[in-house]
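Residue-level listing of the chains:
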Amino acid sequence: MILARHGRPALSRRTLLSADDYRAWWAEYEAGGLKAGQAVPENLKAMAVEAGAIIASTRRRSVETATMVGAGREFLSEAMFIEAPLPPPRWPRWLKLPPMAWGFVARVWWWFLNHHPDEESRHEAEARADEAARRLIDLAGRGQDVLVLAHGFFNAMIARSLRRRGWRCTVNGGYGYWSARRFEAPGAAPAASARVATQ
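In what follows, the accompanying structure is described. (Residues numbered from 1 in each chain as written. Predicted model: local features only at pLDDT ≥ 70, side-chain atom pairs only at ≥ 80, totals over all residues. Heavy atoms only, no water.)

Some words on the overall build of the chain
We apply this condition: Helix and strand labels come from DSSP, where a helix needs a run of H or I of at least four residues and a strand needs a run of E of at least two; each type is numbered from the N terminus. Within these notes, the globule rule equals 2.2 Å times the number of residues to the 0.38 power, and the radius of gyration is based on C-alpha atoms. Three exposure classes are used, based on accessible area relative to the maximum for each residue type with a 1.4 Å probe and protein chains only: buried under 20%, partly exposed in between, and exposed over 50%. Contacts are residue-level and defined by heavy atoms, with any inter-residue pair within 4.5 Å sufficient. To be clear on the numbers: accessible area is Shrake-Rupley with a 1.4 Å probe, and residue cover counts the displayed protein chains and nothing else. Note that His is not counted, nor are the chain ends; the positive residues are Lys and Arg, and the negative ones are Asp and Glu. Here the site of a charge means atom NZ of a Lys, CZ of an Arg, CG of an Asp or CD of a Glu.
Across its full length, the chain carries six helices and six strands. Ordered by position from N to C terminus, the α and β elements of the chain give β-α-α-β-α-β-α-α-β-α-β-β. For 199 residues, the compact-globule estimate of 2.2 N^0.38 gives 16 Å, and the C-alpha radius of gyration of the chain, at 17 Å, lies within 12% of that figure. Its C-alpha atoms give the chain principal-axis dimensions of roughly 55 × 35 × 25 Å. Within the span of the chain, comprising 199 residues, buried residues form 47% of the whole. A separation of at least 24 residues holds for 69% of the contacts in the chain among residues at least 6 apart in sequence. In the structure as shown, the chain presents an accessible area of about 9700 Å², 55% of it carried by carbon and sulfur atoms. Of the charged side chains in the chain, 28 are positive and 20 negative; the average position of the first set lies 5 Å away from that of the second.

In structure tokens, the structure reads:
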């Protein structure tokens, strides 16, 4: 089973935003696609060829990634795999931060302080990650490799659920765009061809 992150999004992070601005920025990010001109890493192309099933979330950046990586192959697109929410705290408008900083703050508030106004809570997202892990284990149990092309943090939550079930991360390509991590079932021999490179 391989959990991979989508390619680099088109929306620029080179800006300063208030908390309200960041909510609007994140909504645009969630709706947007990939930056033009990117090349799919060769290792992901090889993984797609070997995979019996390819899954994307329903977000445009994930679907476009699966389209590029699969090179015309059919794939599943399921809302179960969308990213966990990033609601920022309601800080004053004069405080402006870059999107990456807001993402960190919002994730800390969401994860540790249960901040989720009208959005999915950490508990709900963890339950969804468990459901996603069970879905992937079921597909892998049919004797086929599964390639997921989705989102950084929610992929990490799925990985956490897999580890609790005894799955091992045998190749770790990190968390950047186009990165991938390979997991092996409990008791499985490591795949000789497992290779993950990051771009």
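Thoughts on the nonpolar core
Soluble globular proteins tend to bury their nonpolar side chains together. Filter applied, for reference: The nonpolar core is taken to be a set of buried Ala, Val, Leu, Ile, Met, Phe, Trp, Tyr and Cys residues, with the residues joined through side-chain atoms within 4.5 Å.
Tyr-22, Leu-44, Val-69, Leu-147, Leu-149 and Trp-178 are the most contacted members of the largest nonpolar core, which has 27 residues in total. Broken down by secondary-structure element, the contributors of at least two residues to this core are strand E1 (2–5), helix H1 (19–31), helix H2 (42–50), strand E2 (53–56), helix H3 (60–70), helix H4 (99–112) and strand E4 (146–150). Here this core gets five residues from one element, more than from any other, and that element is H1. If we skip the residues at most four places from it in the chain, Leu-147 touches Ile-2, Ala-4, Leu-44, Met-47, Ala-48, Ala-51, Ala-53, Ile-54, Ile-55 and Val-69. Grouped together as the second largest cluster of nonpolar side chains are 24 residues, Ala-132, Ala-150, Phe-154 and Ile-158 included.

Comments concerning the environment of Ile-2
With respect to the helices and strands, the residue Ile-2 is situated in strand E1. Given a relative accessible area of 4%, Ile-2 falls into the buried group. The sequence separation of Ile-2 and Arg-181 amounts to 179 residues, and the corresponding C-alpha distance is 5.6 Å. Residues in contact with Ile-2, not counting those within four places in the same chain, are Met-47, Val-146, Leu-147, Val-148, Ala-180, Arg-181 and Arg-182.

So, the packing of aromatic side chains
The geometry of an aromatic ring pair is captured by two quantities: the separation of the ring centres and the angle between the planes. Stated formally: Any Phe, Tyr or Trp ring, taking Trp's six-membered ring, that has another such ring centre within 6.5 Å forms a pair; planes under 30 degrees apart are called stacked, those over 60 apart edge-to-face, and the others tilted. A positively charged side chain is recorded as over a ring if its NZ (Lys) or CZ (Arg) lies within 6 Å of the ring centre. The angle to the ring normal must also be within 35 degrees.
Summed over all chains, the structure comprises nine aromatic pairs. For the ring pair Trp-25 and Tyr-29, a centre distance of 5.3 Å and an interplane angle of 20 degrees mean the geometry is stacked. A residue pair is termed a helical-turn pair when its members lie 3 or 4 positions apart in one helix, as Trp-25 and Tyr-29 do in helix H1 at four residues. Neither Trp-25 nor Tyr-29 differs from the other in exposure class; each is buried. Connected via pairs of aromatic rings, a cluster forms that spans Tyr-22, Trp-25, Trp-26, Tyr-29, Trp-91, Trp-102 and Trp-109. Between Arg-122 and the ring centre of Trp-111, over which it is positioned, the NZ or CZ distance is 3.5 Å. When the ring centre of Phe-154 is taken as reference, the NZ or CZ atom of Arg-128 above it lies at 4.0 Å.

Brief notes about the sheet that holds strand E6 (residues 180–184)
Sheet strands pair by backbone hydrogen bonding; their relative direction is either parallel or antiparallel. For the record, the criterion: When DSSP locates at least two bridges between a pair of strands, those strands are taken to pair. Only the contacting stretch of a helix is used when fitting its axis, a line to C-alpha atoms as for every element, and angles between N-to-C directions run 0 to 180 degrees.
Read across the open sheet, the six strands follow the order E3-E2-E4-E1-E6-E5; overall the sheet is mixed. Edge strands, defined here as strands with exactly one partner in the open sheet, are strand E3 (76–77) and strand E5 (168–172). Of the strands in this sheet, E1, E2, E3 and E4 are in contact with helix H5 (residues 122–140), which crosses E4 at around 150 degrees.

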